[in-house]
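Given next are the chains, with one letter for each unit.
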Amino acid sequence: MAFDEYDLICRSQKGDIDAFEQLISAYQQKIYNTAYRMMGNYHDASDVAQEAIIKVYKALSGFRREASFGTWVYHITANTCRDEIRRQYRAHESSLDECILTDSGEITKEIADCSHMPEQVLGEKEVEEYLQTLINALNPEYRMVMVLREQLGLSYQEIADSLDISMGTVKSRINRGRRALREKILADKEHYPDLMRLVVRGGEKA
Amino acid sequence: MKCQEAKELFPVFIDGFLSPEETQELQMHLGECQECRKDLESLQELSHILQSMPDIPIPPEFKPALHARLVEISFASKTEVIPFWQRRLAKPLTIAAVFVFLIAAASLGNILGNTNHETISIDNTNSVMSNSAMPESDMIADSGVVSNSGAAVDPGLAERKSISSDTEMAGGGVAFDAATTASDESMSAGYDQNVERKVIRNASLSLEVPEYQEAFDKISNVATQYQGYVVSGSSYTDEEGNISGGYISIRVAANSLDTALENISALGKVQSSGFSGQDVTTQYYDNEARLKQYRVQEQSLLKIMEKAKTVQDILSVETELTRVRSEIESLEGQMRYLTELTDLASIDVSLTTPAKDTQGVSLGDWSDLGSRIAAGFISSINWLINGFANLIILGGYVLPILVLILVVVFGWKRIVAVRKNKKIPPQ
């Protein structure tokens, strides 16, 4: 496997598109997941994922194989997502319910009610959609840290490098991000009892 | 450990980055504090849920679109020209440019030290080759010859110097001023400052004037105005008997020469002009010395005459006295002539009038077709040569700037490249 990847990288560096597509196919799903969690919709996710893969292809000649190819690819993905999110944020393109969480840790807005029926039994897909709504509602800076951590599994140091923030900031954003999501779920618990059973097992304060 | 401290460790603990010591401390606290345990458990559960969220189905059109972009990019990178010369030629080009720049800078010193200019210009109507500014060093060398031969008696040895500046001027005696001053300066070199210099100055002018007679009269006036006179004049006529041109030679006070020349130049279009100076200082003072000698001889002869007793003696003294006196008169005459020559400068003016329209069949523009074609040809060739030279000179001007631009561009590219490397992690 490792040898195959090495071979594929070598061929890709020489401009072999087929080899590159084969090479990236192992990482494509994770790249796409990350892009979708970050952007919150299919359209932007496709654009960002494609952009990230194109960046990988263009930068491939500079890849020296000192670290794993996967880590390198995810780093590029993180950077691409960050750039796009910051661009959209600056352009005020970002969606509906933002600024729920500020650095002071305050929740200022309620997320949109998903119009699910109370006591509804949730399937896997519904849970996923609900969580995505919560993620989308996070402040972009928190969203990025959360997705890089939970979806891509980057280390704190890698997240700090990717986003040009300190390790302390990464730690505090992960902490607050998780707590914010949990508070949200607790607030919606009457709508999603199944989910609550999973999450709020011990989280409910006395 | 307090609850606040413990909660700060939660994320690190959940993500598995906590050190063994800290983990131990945290677990001690968790054993005591139920609230914190519950808090941590729910956060762990949340993290787990987030991490186990199902994969997002990749849209079917994603792969084909990606493939198309990859093909497009690899095609573009193959046909791109810039990377080639950036990668392959940038370094050698930069090095070469720097070398050429250094060579150019080094040779600049040589160019500055060598200020020999020669300009060739072509007028539309008449091709006048003008040789401007005779190198000054030549003049100084000439004056050196003059001073060295100062003791010579023969008037022919007095160096004749001429400075010619044939320029096509539209009027004004700037060139004359320059020539006169330069000549004066060169002549002063090597002479005792107390000795009055005796220089015969001649100037010649070729003027095109609208009216011959009017110009002639005005030049005569200039002569009298500056304590001079008309030496000679002549005129010539064309086939129909009209005066078409002439020649006038006048003399004016030497110190008014420049002003007189300016006045005359103003009468018409100066087509050529010349200036010459003849230094007769040595001749003059030599004559003066001989005169003194003869005068002394005359005096002693007169004394001898008084003492003379016999007719024989008187006659022989008388003969000698006559010879001495005639010598004295001859020398006095020569000196008067020299004084007059140096006091009054001569100006020779040749006058021409523009060709008048005639009633007969005229060749008009065809008359000097050959010479004009030649002039045009030369003009064009010169234009080409000058243009080429200017192009090379322009290259010289542009080169340093080009080098600077290259350096800046590549410096900038480097910075950008470094930044890009920063953005995209090395591995």
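Residues numbered from 1 in each chain as written. Chains lettered and ligands numbered in written order. Predicted model: local features only at pLDDT ≥ 70, side-chain atom pairs only at ≥ 80, totals over all residues. Heavy atoms only, no water.

So, the overall build of chain A
Reasoning step 1: Along chain A, the regular secondary structure elements total nine helices and zero strands.
Reasoning step 2: When burial is assessed residue by residue, chain A has 53% of its 206 residues classed as buried.
Reasoning step 3: Taking contacts inside chain A between residues at least 6 apart in sequence as the whole, the part at least 24 apart equals 64%. (Helix = DSSP H or I, 4+ residues; strand = E, 2+ residues; numbered from the N terminus. Buried < 20%, exposed > 50% of the residue type's maximum accessible area, 1.4 Å probe, protein only. Contact = heavy atoms within 4.5 Å.)

As for the overall build of chain B
Reasoning step 1: For chain B, the count of helices and strands is twelve helices and six strands.
Reasoning step 2: For chain B, the proportion of its 427 residues judged to be buried stands at 30%.
Reasoning step 3: Across chain B, contacts joining residues at least 24 apart in sequence account for 76% of those joining residues at least 6 apart.
Reasoning step 4: As displayed, chain B has an accessible area near 27300 Å², and 58% of this comes from carbon and sulfur atoms. (Areas by Shrake-Rupley, 256 points an atom, 1.4 Å probe, with all protein chains shown as cover.)

Considerations on the interface of chain A and chain B
Reasoning step 1: Of the residues lining the interface, 55 residues belong to chain A; the matching set on chain B comes to 40 residues.
Reasoning step 2: Interface of chain A and chain B: buried area, both sides summed, is about 4600 Å²; carbon and sulfur atoms make up 64% of it.
Reasoning step 3: It is A:Q50, A:E150 and A:R178 that lose the most area in chain A upon contact with chain B, and together they represent 13% of the buried surface on that side.
Reasoning step 4: Inspection of the region where chain A meets chain B yields five salt bridges.
Reasoning step 5: Put simply, B:D39 and A:R182 hold a salt bridge, and the shortest N to O gap is 2.3 Å.
Reasoning step 6: Put simply, chain A and chain B have 19 residue pairs in polar contact (both at pLDDT 80 or more) between them. (Buried area = accessible area lost by both parts, 1.4 Å probe. Salt bridge = Lys/Arg side-chain N within 4 Å of Asp/Glu carboxyl O. Polar contact = N/O pair within 3.5 Å; in protein donor to acceptor, adjacent residues only side chain to side chain.)

Geometric descriptors of this kind do not, in isolation, establish any biological role.
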